[in-house]
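Residue-level listing of the chains:
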Amino acid sequence: MLTYEDALQRILEAAPAPRSALVPLADALGCVLSKGVTSPLDLPPFDQAAVDGYAVRRPDGDGHPPHNGGPVALPVVGCASAGSPYRRSVQAGEAVRILTGAVVPRGADCVLMQEQVQRHGGRIIFANWPEAGRNIRRRGEDLRRGDQALDAGTRLRPHEIALLAALGHATVRVYRPPAVAILTTGDELQPAGRRLKPGRIYDSNGILLEALVRQAGARVIRLGVARDEMRSLVEKISWGLRHDVLLVAGGVSVGDKDFVRAAARRCGVREVFWQVNIKPGMPLWFGRRGRTCLFGLPGNPVSVFVTFEEFVKPALYRLMGRAWEDPYAVPAALASDLHLSPTRRTHFVRVRCDARRQRVAEPLTGQASHRLRSLVEADGWIRVTAEAGPWPAGTPVLVKEESR
Ligand code: AMP
Ligand code: MG
């Protein structure tokens, strides 16, 4: 049976290279730039008032202030506000009312802060001339036209999106987020919202996968629920294969009604592997048709979660042009003995990390793959391959932290 490492490697090799697309800036959050962006303009685009106050022209640079440093009185001859410039030039001996963000008028070389000025009707009085350039945001001081604003490979946070908007970009070239179709399977499944019929369970995998896909930054296409029969599966799978990735939950094990692999084959999917030596999630199935990757995830909810996080998410990252880093990175020590079987299998174990002594990881009871409660209660995971056991308390481990 394939090891965890080999399975992940085969998936990453099979996942197609990312494709770039021009995306509206408002839809680009979380996307990765496929090309660097140079600034098409100076930022700020013009000299701007940094405060509310008065634009003035200091006495010519002959070195001696007028009035021997006594109070200065100037007439206010006009007004400039953000978006409404003062059209004329400011002369020596004049002040122009100016508001934050307004173009600093020609002739003015500094802005007096309103708080440092007394206004008397049409005149202002102030004690001292500020130095040249005071309270002026200089054109291009943030970025100059032609400067590299953002590098290729940058992942767009609200921060970068704001910068792109300030540069006037309505669209941006990024790796296109993959479209991920989600299909859950099983005759026992019932949608939420109606009273549970005997022998049925609610479909939790559909919504779980939808949330995981969205959290990873990809687009969701809902295919609903297929019954455990060839016709229903073939119909929905062939629909799902039109997208970048198809996730099918349930029906990939060895039960009499596990028809997903056969149905996928009938749809032209080439199997890359089936079964990985992991727990939970052993029956994981992976295949390809053209550019589309198909994952058959074992139906137990925790298996769905683990196989998504460990195998689907790295593939989605590759499709989105995002680097994949192993999330098991926080060093800790086991708080109690861990008993694992079978041997040589890679186990994904839910743990509690002590809030005060963060470096201790306590394996939770109830690790079975149908148990959603310990999934909710876990604040981390460890990944251990049993052949290296036994795993007594105190063994060093690396924790993948869950964010809350
Ligand atoms: P399967 O992989 O189809 O053999 O399913 C394994 C277990 O997961 C069974 O107990 C199923 O009832 C359960 N299961 C399958 N699909 C879902 C689902 N969409 N939501 C919740 N549980 C499921
Ligand atoms: Mg089933």
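(A) Structural context of the site of ligand 1. By nearness alone, 14 residues border ligand 1, and Glu188, Asp203, Asn205, Gly251 and Gly299 come closest of all. Interatomic distance of 2.5 Å between a side-chain N/O atom of glutamate 188 and an oxygen atom of ligand 1. Glycine 299 is positioned with one of its backbone polar atoms (N or O) 2.8 Å from an oxygen atom of ligand 1. Contact with the protein chains covers 76% of the free accessible surface of ligand 1, which is 490 Å². For the shell around ligand 1, the secondary-structure elements that each account for two or more residues are strand S13 (179-185) and strand S15 (201-202). Of the residues that constitute the shell around ligand 1, the class distribution is four nonpolar, eight polar and two charged.

(B) Expanded view of the packing of aromatic side chains. Overall, the coordinates contain seven aromatic pairs when judged by the stated rule. Taken together, a centroid distance of 5.7 Å and an interplanar angle of 35° make the contact between phenylalanine 273 and phenylalanine 286 tilted. Here phenylalanine 273 is found in strand S18 (residues 270-274), whereas its partner phenylalanine 286 is found in strand S20 (residues 285-289), with 13 residues between them in sequence. Note on accessibility: phenylalanine 273 and phenylalanine 286 belong to one class, buried. Ring centres of phenylalanine 286 and phenylalanine 295 lie 4.9 Å apart, and the angle between their planes is 45°; this geometry places the pair in the tilted category. Residue phenylalanine 295 is classed as buried on the basis of its relative accessible area, which comes to 1%. Through a chain of ring-to-ring contacts, the aromatic side chains of Tyr4, Phe311 and Phe348 assemble into a single cluster. The ring of tyrosine 54 has arginine 97 sitting right over it, with the charged end atom 5.1 Å from the ring centre.

(C) Main features of the sheet that holds strand S7 (residues 110-113). Spatial strand order, S7-S4-S6-S5-S9-S8: six strands in an open sheet with mixed pairing. On the outer flanks of this sheet lie S7 and strand S8 (118-120), each paired with one strand and no other. Strand after strand, the sheet turns through a mean of 40° between neighbouring axes, direction not considered.

(D) Examining the packing of helix H1 (residues 4-14) against helix H6 (residues 301-319) more closely. Contact geometry for H1 and H6: axes closest at 9 Å, N-to-C directions at 30°. What the angle tells us is that H1 and H6 run roughly parallel. Considering how the two elements wind past one another, H1 and H6 form a crossing that is right-handed. Residues Tyr4, Ala7, Leu8, Ile11 and Leu12 of H1 form the contact with H6, whose participating residues are Glu310, Phe311, Pro314, Ala315 and Arg318. Of the residues in the contact of H1 with H6, the class split is eight nonpolar, no polar and two charged.

(E) Looking closely at helix H2 (residues 158-166). Looking at H2, one finds that the buried residues are Glu160, Ile161 and Leu164. Summarising the axial view, the buried residues of H2 lie within an arc of 100°, below the 170-degree limit, and thus occupy one face. In H2, the exposed positions angled more than 90 degrees off the buried face are occupied by Pro158 and His159. The elements touched by buried residues of H2 are strand S2 (37-38), strand S11 (148-150) and strand S12 (171-175). A positive phi of about 90° marks glycine 168, the residue just after H2.

(F) Fine view of the sheet that holds S18. The mixed open sheet is built from six strands, whose spatial order is S16-S13-S17-S21-S20-S18. For this open sheet the edge positions go to strand S16 (219-226) and S18, each flanked by a neighbour on one side alone. Each strand of the sheet is rotated relative to its neighbour by a mean of 20°, with strand direction disregarded. Here five bridges tie S13 to strand S17 (residues 245-249), and the two strands are oriented parallel to one another. Directly across from valine 180, in S17, lies its bridge partner valine 245. Against the sheet, helix H4 (residues 230-240) touches S13, S16, S17 and strand S21 (292-297), its axis set at about 175° to S16.

(G) Fine view of unusual backbone geometry. A cis geometry characterises the amide bond from leucine 43 onward to proline 44, with omega recorded as -10°. Note that proline 44 resides in the loop between S2 and strand S3 (48-49). Cis geometry marks the peptide bond from lysine 279 to proline 280, where omega comes out at -5°. By secondary structure assignment, the location of proline 280 is in the loop between strand S19 (278-279) and S20. Even without being a glycine, asparagine 135 presents a positive backbone phi close to 60°. Mapped onto the fold, asparagine 135 is located in the loop between strand S9 (123-126) and strand S10 (136-137). Phi at glutamine 275 takes a positive value of approximately 80°, unusual for a residue other than glycine. As for its position among the elements, glutamine 275 is in the loop between S18 and S19.

(H) Structural view of the pattern of salt bridges. Taken as a whole, this structure holds 17 salt bridges when the rule is applied. The shortest N-O distance in the salt bridge between glutamate 160 and arginine 157 comes to 2.7 Å. Arginine 157 sits in the partly exposed class, given a relative accessible area of 41%. The partner of aspartate 244 in a salt bridge is arginine 176, and the shortest N-O contact between them spans 3.3 Å.

(I) Broad picture of the domain arrangement of the protein chain. In terms of domain boundaries, the protein chain breaks down into domain 1 (4-18 + 177-319), domain 2 (25-43 + 141-175), domain 3 (48-137) and domain 4 (330-401). Using only C-alpha atoms to locate each centre, domain 2 and domain 4 end up separated by 41 Å.

(J) Spatial organisation of the side chain of lysine 313. Assignment of secondary structure puts lysine 313 in helix H6. Once residues lying within four places of it in the same chain are set aside, the contact partners of lysine 313 are Ala216, Phe308 and Trp324.

Analysis parameters
Residues numbered from 1 in each chain as written. Chains lettered and ligands numbered in written order. Predicted model: local features only at pLDDT ≥ 70, side-chain atom pairs only at ≥ 80, totals over all residues. Heavy atoms only, no water. Near = heavy atom within 4 Å. Polar contact = N/O pair within 3.5 Å; in protein donor to acceptor, adjacent residues only side chain to side chain. Areas by Shrake-Rupley, 256 points an atom, 1.4 Å probe, with all protein chains shown as cover. Helix = DSSP H or I, 4+ residues; strand = E, 2+ residues; numbered from the N terminus. Nonpolar A, V, L, I, M, F, W, Y, C, P; charged D, E, K, R; others polar. Phe/Tyr/Trp six-rings, centres within 6.5 Å; stacked < 30°, edge-to-face > 60°. Buried < 20%, exposed > 50% of the residue type's maximum accessible area, 1.4 Å probe, protein only. Lys NZ or Arg CZ within 6 Å of the ring centre and 35° of its normal. Pairing = 2+ DSSP bridges. Axes fitted to C-alpha atoms, helices over the stretch in contact; angles between N-to-C directions. Parallel < 35°, antiparallel > 145°, perpendicular 65-115°, else oblique. Left-handed = near helix turned anticlockwise from the far one by under 90°. Contact = heavy atoms within 4.5 Å. Arc of directions from axis to C-beta. Salt bridge = Lys/Arg side-chain N within 4 Å of Asp/Glu carboxyl O. Domains from an automatic or database assignment.

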